[in-house]
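# Per-entry structural report
This is what each chain is made of:
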Amino acid sequence: MNNTEPTQEQLKKFWVWCVFKYRKDMSYSDRLVWVRVWEYPDTTLLDTLPKPTLDNLFRYAVPKLTDIRMHRLVYVNGEVAYTFEVNYQSEWSIANDEKPELALFWAIWEVIK
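Just so we're clear, the structure is a prediction, and the values are computed from it rather than from any experiment. Position numbers for residues start from 1 in each chain and track the written sequence from start to end. Where totals are concerned, whole chains, interfaces and linings use all residues; where local detail is concerned, this predicted model gives features only for residues with pLDDT of at least 70, and gives and counts side-chain atom pairs only at 80 or more. Hydrogen atoms and water are omitted, and side-chain values are computed over all heavy atoms in the structure.

## Comments concerning the packing of helix α2 (residues 54-61) against helix α3 (residues 100-112)
We count it as follows: Angles here are taken between N-to-C directions and fall from 0 to 180 degrees, while the axes themselves are lines fitted to C-alpha atoms, restricted in helices to the stretch in contact. A run of H or I in DSSP becomes a helix once it reaches four residues, and a run of E becomes a strand once it reaches two; helices and strands are each numbered from the N terminus. An angle below 35 degrees is read as roughly parallel, one above 145 as roughly antiparallel, one from 65 to 115 as roughly perpendicular, and any other as oblique. Every residue pair with non-hydrogen atoms within 4.5 Å of one another is taken to be in contact. Each residue gets one label: Ala, Val, Leu, Ile, Met, Phe, Trp, Tyr, Cys and Pro are nonpolar, Asp, Glu, Lys and Arg are charged, and the others, such as Gly, are polar.
Two numbers describe how α2 lies on α3: the axes approach to 9 Å, and their chain directions differ by 30 degrees. By the criterion of interaxial angle, the relationship of α2 to α3 is roughly parallel. Across the interface between the two elements, L54, L57, F58 and A61 from α2 touch P100, E101, L104, F105 and I108 from α3. Taken together, the residues that form the contact of α2 with α3 break down as eight nonpolar, no polar and one charged.

Written as structure tokens, this is what we have:
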């Protein structure tokens, strides 16, 4: 199991792959305004990137994948782990973690890094 939270740099790269754009300046009413915001795929502007929750991963990242498979493993000692297998551009990756959002994040990370 990975059990590692992604770094800020990994999160930035991940969300850029999901078509998030960092905006340093924008035109507004015929003038240039200096801003530092993230433009979400739906054109919403926020100063932070989303957290890698299952909701956000399924909303922004999973639709870009070719295939996805999930397994929930329950061990004899009662521990639970989640495994995700993902396919992107004919490349497969697999990751597991006790947190499903981390398992999915790291599986996708391996095919986009």
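Here the narrative resumes.
## Comments concerning the sheet that holds strand β5 (residues 80-88)
The cut-off we apply is this: Two strands qualify as a pair provided that DSSP identifies no fewer than 2 bridges between them.
With antiparallel pairing, three strands are arranged side by side in an open sheet as β4-β5-β6. The sheet is open, and its two borders are formed by β4 (67-74) and β6 (91-97), each paired with just one other strand. Between one strand axis and the next, the sheet turns by 15 degrees as a mean value, whatever way the strands run. Examined bridge by bridge, β4 and β5 share eight bridges and lie antiparallel to one another. Among the inter-strand pairings, M70 is bridged to a residue of β5, identified as F84.

## Some thoughts on the packing of aromatic side chains
Our working rule: Stacked, edge-to-face and tilted labels apply to pairs of Phe, Tyr and Trp rings (six-membered ring for Trp) whose centres lie within 6.5 Å, assigned for plane angles under 30 degrees, over 60, and everything in between, in that order. With a 1.4 Å probe rolled over the protein chains alone, any residue whose accessible area is under 20% of its type maximum counts as buried; one over 50% counts as exposed, and the rest are partly exposed.
Counting across every chain of the model gives 13 aromatic pairs. For the ring pair F14 and F105, a centre distance of 4.6 Å and an interplane angle of 40 degrees mean the geometry is tilted. With a gap of 91 residues between them, F14 in helix α1 (residues 8-17) and F105 in helix α3 connect regions that are remote in the sequence. Judged by its relative accessible area of 0%, F105 is buried. Relative to Y40, the ring of F20 has its centre 4.6 Å away and its plane inclined at 65 degrees; by these criteria the two rings are edge-to-face. You can see F20 sitting in the loop between α1 and β1 (21-28) and its partner Y40 sitting in the loop between β2 (31-39) and β3 (45-46), a full 20 residues away along the chain.

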